[in-house]
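Descriptive analysis of the structure
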Amino acid sequence: MTDLVPALLGAPPWFIEQADDLRDYHRLRRRVFVEEQALFRVSDRDDRDADPRTVVLVARAPDGTVLGGVRLGPAGPGPDLGWWVGGRLVVDPGVRGARGIGPALVRAACAYAEHAGALRFDATVQRRWEPMFRRLGWTRVRDTTVADQPHTLMRWPVGRLQALATAAKSALGDLVRDLAPAGFAGDDGAPVPGSDLIAACDAILPSMVERDPEWAGWCAVLVNVNDLAAMGASPVGLLNAVAARDAAFAARILAGLRRGSAAYGIPVLGGHTQLGVNAALSATALGRAADPVPGGGGRPGHRLRLTADLGGGWRPGYHGRQWDSTSHRTGAELRSMTGFVARARPAAAKDVSMAGIAGTLGMLAEAGGCGAVLDVAAVPRPAAASMGDWLTCFPGYAMLTAGELRGTGDPGPAVTAGCGELVAGEGVRLRWPDGETTPAISAAVTGLGPA
């Protein structure tokens, strides 16, 4: 049946691909920008053409003829911070306009940049093409000049951070507003009234339990201990609820949980196991903290820090979503990191959750009744992770803290860096090396409001 499609519809008039041989693209650029438009006297080549990270997308006719192209890549010569720029968009004059090649190349460039982890994507365009970019969803930043000709700096609104925060946390306010204890709304754990106990509870995604039961068991310990650690609590014990199709599958879940219990030094006190049902796993951890560190203790003017374990790598099957920094660590290393907040005693702390670094920062700021600015270049990040992936993944061990440290701040094998500040207002903005800021999260993340 599929063989009839080309016969009925005809061959596609052109297609877009990443180019390896750039000679035809460069010849077309010279023809348009030097000979036709006289924007440049001799050549339109520049340093970006020599950057090996620069990507060129071309539109080709079925016979291979280059009909248009665009280049894109990281903005600066240093590490890729997730700031990309596009440029040298060109279409052969003979096919310009009617076939929609230019807009298609722009859309393809946006998709490529976001897939590569870009969180800011800029383009400097000739003034006459500004309306086309606006129609495609770009926003105008300011006027500028290229080759003594008026241009406009345009920006593609990357919504990746906002989308994750919205999907993961936006419903919480309406769901649990009246259940949260006063003063600790939005915290990672909950103080038990009349005691120094802190309780934390997390469920693991059923799809993850089904796909990787040992890892799910390990993570059930990991996420709960991290929640206790964010409040400066030392672990006391763990309860679990396991559901599985049979005893053999349940044993695999419990093997991961048992290994995590030994590594983090938190005994399993008991739980519940149910067989003959779909896979599921949740755990509740108890810890002790005489003076718990709140998530809502931050105030405008407080400096922000990210403390993260950059070791390890992407968990197989979860590239870009789960960074496994924990399974290779010794128990002593894990316990040193989870004791960081208790030793450092910041004004506020939150464990980076499935909302990612940016979403968790939004929750910390919301609990403090303020907003946040994150310095992208200062964020500690593994070399193997793009900025877009790192700010949206679950990082294994990462803590956001705000305010002065009242104790020693040794994070063990993790690294700590100042990377922004809390500010008046709400939401999260990204600050770039050129001083520009771009929106990451526009408003409160959970709707729970200040703690």
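For clarity, every value in this text was computed on a predicted model and none was experimentally measured.

1. Let's talk about the overall build of the protein
Tallying secondary structure elements over the protein gives 14 helices and 21 strands in all. For the protein, the spread of C-alpha atoms along the principal axes amounts to about 80 × 60 × 40 Å. The burial tally for the protein puts 50% of its 451 residues in the buried class. Taking the contacts inside the protein whose residues are at least 6 apart along the sequence as the reference set, 76% of them involve residues at least 24 apart.

2. A word on helix α6 (residues 160-169)
Along an α-helix, residues three or four positions apart point the same way, because every turn accommodates 3.6 residues. Among the residues making up α6, those that are buried are Leu161, Ala165 and Lys169. Buried residues of α6, seen end-on, are gathered within an arc of 30° and therefore sit on one face of the element. Contacts from the buried residues of α6 go to α7 (172-176), α13 (356-367), β20 (428-431) and β21 (437-441).

3. Points about the confidence of the model for the protein
Taken residue by residue, the protein gives an average pLDDT of 93. The fraction at 70 or more is 96%. In the predicted structure, residues 1-8 sits below a pLDDT of 50 and forms 2 contacts with residues beyond four places in sequence or in another chain.

4. Brief notes about the pairing of strand β6 (residues 139-146)
Note: β6 against strand β7 (residues 149-156), 7 bridges, orientation antiparallel. Bridge pairing in β7 places threonine 145 opposite proline 150. Linking β6 to β7, which pair antiparallel, is a turn of 2 residues; within it alanine 147 sits at a positive phi near 50°.

5. Some words on the packing of aromatic side chains
How two aromatic rings sit relative to each other is given by the distance of their centres and the angle of their planes. Summed over all chains, the structure comprises 8 aromatic pairs. A cation over a ring is seen here: arginine 120 above tryptophan 83, with NZ or CZ 3.9 Å from the ring centre. Above the plane of the ring of tyrosine 318 lies arginine 211, whose end atom (NZ or CZ) is 4.9 Å from the centre.

6. So, the packing of helix α9 (residues 213-230) against helix α10 (residues 247-264)
The interhelical angle for the contact between α9 and α10, taken along N-to-C directions, is 40°, at an axis separation of 6 Å. The hand of the α9/α10 crossing is right-handed. Every residue of α10 that contacts α9 at Pro213, Glu214, Gly217, Trp218, Val221, Leu222 and Val225 is listed here: Phe249, Arg252, Ile253, Gly256, Leu257, Arg259, Gly260, Ser261, Ala263 and Tyr264. Here the contact of α9 with α10 is composed, by residue class, of 10 nonpolar, 4 polar and 3 charged.

7. Considerations on the pairing of strand β2 (residues 55-60)
With 6 of 6 residues buried, β2 is to be regarded as a mostly interior element. Because side chains alternate across β2, one face comprises the buried residues Val55, Leu57 and Ala59, and the other comprises Val56, Val58 and Arg60, equally buried. As paired strands, strand β1 (residues 15-18) and β2 are joined by 4 bridges and run antiparallel to one another. Residue pairing across strands places glutamate 17 opposite valine 58, the latter belonging to β2. As paired strands, β2 and strand β3 (residues 66-74) are joined by 6 bridges and run antiparallel to one another. Paired with arginine 60 across the strands is valine 66, a residue of β3. From the end of β2 to the start of β3, which pair antiparallel, there are 5 residues, and glycine 64 there has a positive phi angle of about 95°.

8. Regarding the sheet that holds strand β19 (residues 415-423)
Spatially, β16-β18-β13-β19-β17-β20-β21 is the arrangement adopted by the 7 strands of the open sheet, whose pairing is mixed. Edge positions in the sheet fall to β16 (348-351) and β21, since each has one partner strand and no second. Between one strand and the next, the sheet's axes are offset by a mean angle of 30°, whatever the strand orientation. Relative to β19, strand β13 (residues 303-308) is paired through 6 bridges, and the arrangement is antiparallel. Residue pairing across strands places threonine 307 opposite threonine 416, the latter belonging to β19. α6 contacts β20 and β21 of the sheet and is inclined by roughly 20° relative to β21. Sitting on the sheet, α9 touches β16 and β18 (398-402), and the angle it makes with β16 is about 175°.

9. Let's talk about the nonpolar core
Counting 71 residues, the largest nonpolar core has Phe121, Trp138, Leu306, Trp390, Leu391 and Leu430 as its most contacted members. Aside from chain neighbours lying at most four places away, what touches tryptophan 138 is Val106, Cys110, Phe121, Asp122, Ala123, Phe133, Met154, Arg155, Trp156 and Pro157.

How each quantity is defined
- Residues numbered from 1 in each chain as written.
- Predicted model: local features only at pLDDT ≥ 70, side-chain atom pairs only at ≥ 80, totals over all residues.
- Heavy atoms only, no water.
- Helix = DSSP H or I, 4+ residues; strand = E, 2+ residues; numbered from the N terminus.
- Buried < 20%, exposed > 50% of the residue type's maximum accessible area, 1.4 Å probe, protein only.
- Contact = heavy atoms within 4.5 Å.
- Arc of directions from axis to C-beta.
- pLDDT = per-residue confidence, 0-100.
- Pairing = 2+ DSSP bridges.
- Phe/Tyr/Trp six-rings, centres within 6.5 Å; stacked < 30°, edge-to-face > 60°.
- Lys NZ or Arg CZ within 6 Å of the ring centre and 35° of its normal.
- Axes fitted to C-alpha atoms, helices over the stretch in contact; angles between N-to-C directions.
- Left-handed = near helix turned anticlockwise from the far one by under 90°.
- Nonpolar A, V, L, I, M, F, W, Y, C, P; charged D, E, K, R; others polar.
- Core = buried A, V, L, I, M, F, W, Y, C linked by side-chain atoms within 4.5 Å.

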